[in-house]
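# Observations on the model geometry
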Amino acid sequence: MTEIRTPRLILRRWTDDDLVPMAEINADPAVMRWIDDGSVRDLEQTAEDIERWEEEWDEEGFGLFAVELIASGELIGFAGLSVPEYLPEVLPAVEISWRLGRPFWGQGYASEAAHAALAFALQDRGLDRVISIAHISNVASENVMHKLGMAPERETTHPVYGVPLRVHAIDLTEFVE
């Protein structure tokens, strides 16, 4: 089982106990504002998401980690790697992404988890390049990308939802651990 520890977080594979807290995160309109068309996701959709994320681990050797607080054991969201099949123009690529519950915003958790996921991409999976994709107006996510050393690469439009996106990238040979 793949597990990464940071000073405050554990990044790990998904368990059945993660479904309800992740569904609560996905049901928050503020959290989902910048995801696809901004629609919230219910328990069944979240279960399908987690199943797909776990399948990607099996198929690709990487995926989205469940992120929990060491101090409380509470699930706060996810961070990790995936193949951004929804945006064919960037393929082949591996994307780093994160989604945290609103009570955990503004505390550096997204940056901490994403930094650990980038180190995993470089050291454990041998990837040499990673991208991140965000709605152009999602300043908070772009701030995390900049903290990771990522640079804007291109602007495009989501092929299904028509929203403007900015793709950031990092050459992992330049990644500072």
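About the cut-offs
Residues numbered from 1 in each chain as written. Predicted model: local features only at pLDDT ≥ 70, side-chain atom pairs only at ≥ 80, totals over all residues. Heavy atoms only, no water. Helix = DSSP H or I, 4+ residues; strand = E, 2+ residues; numbered from the N terminus. Rg over C-alpha atoms; globule rule 2.2 N^0.38 Å. Buried < 20%, exposed > 50% of the residue type's maximum accessible area, 1.4 Å probe, protein only. Arc of directions from axis to C-beta. Contact = heavy atoms within 4.5 Å. Salt bridge = Lys/Arg side-chain N within 4 Å of Asp/Glu carboxyl O. Phe/Tyr/Trp six-rings, centres within 6.5 Å; stacked < 30°, edge-to-face > 60°. Polar contact = N/O pair within 3.5 Å; in protein donor to acceptor, adjacent residues only side chain to side chain.

## Thoughts on the overall build of the chain
Along the chain, the regular secondary structure elements total 5 helices and 8 strands. Its helices and strands in sequence order give the chain the pattern β-β-α-α-α-β-β-β-α-β-α-β-β, from N to C terminus. A globule of 177 residues ought to have a C-alpha radius of gyration of about 16 Å, and the chain, at 15 Å, matches this closely. C-alpha atoms of the chain, sized along the principal axes, occupy 40 × 35 × 35 Å.

## Overview of helix 5 (residues 139-147)
Ser141, Glu142, Val144 and Met145 are the residues of helix 5 that are buried. End-on view of helix 5: buried residues confined to an arc of 155°, all on one side of the axis. Residues of helix 5 that are exposed and point over 90 degrees away from its buried face: Val139, Ala140 and Lys147. At its buried positions, helix 5 is contacted by strand 5 (95-100), helix 4 (109-123), strand 6 (129-135) and strand 8 (164-171). Taken from the residues just after helix 5, glycine 149 is the one with a positive phi, measuring 90°.

## Quick notes on the pattern of salt bridges
This structure, assessed with the given rule, holds 13 salt bridges. Between arginine 8 and glutamate 112 there is a salt bridge, and its shortest N-O distance comes to 2.7 Å. With arginine 8 in the loop between strand 1 (3-5) and strand 2 (9-12) and glutamate 112 in helix 4, the pair connects residues that are 104 residues apart, well separated along the chain. Classification of arginine 8 by relative accessible area gives partly exposed; the value is 32%. With its nearest N and O atoms 2.9 Å apart, the salt bridge here joins glutamate 155 to arginine 166.

## Quick word on the side chain of serine 97
Along the chain, serine 97 turns up in strand 5. Relative accessible area serves as the criterion here: at 16%, serine 97 is assigned to the buried category.

## Observations concerning the packing of aromatic side chains
Counting across every chain of the model gives 6 aromatic pairs. Here tryptophan 14 and tryptophan 53 contribute two aromatic rings whose centre-to-centre distance is 5.1 Å and whose plane-to-plane angle is 40°, an arrangement assigned as tilted. One end of the pair, tryptophan 14, is in the loop between strand 2 and helix 1 (19-26); the other, tryptophan 53, is in helix 3 (residues 43-60), with 39 residues separating them in the sequence. Accessibility expressed as a relative area gives 8% for tryptophan 14, which makes it buried. Each ring, one from tryptophan 57 and one from phenylalanine 120, has its centre 5.9 Å from the other, and the planes form 55°; the classification is tilted. Taken together, the residues tryptophan 57 in helix 3 and phenylalanine 120 in helix 4 connect sequence positions 63 residues apart. Note on accessibility: tryptophan 57 and phenylalanine 120 belong to one class, buried. Within the aromatic cluster, the residues linked to one another by ring pairs are Trp14, Trp53 and Phe78.

## A closer look at the side chain of glutamate 54
Looking at where glutamate 54 falls in the secondary structure, it is placed in helix 3. A residue is classified by how much of its surface remains accessible, and glutamate 54, at 19% relative accessible area, is buried. Engagement of the side chain of glutamate 54 in a polar contact is seen with the backbone nitrogen of tryptophan 14, the distance being 3.3 Å. Not counting residues within four places of it along the chain, the set of residues in contact with glutamate 54 comprises Arg13 and Trp14.

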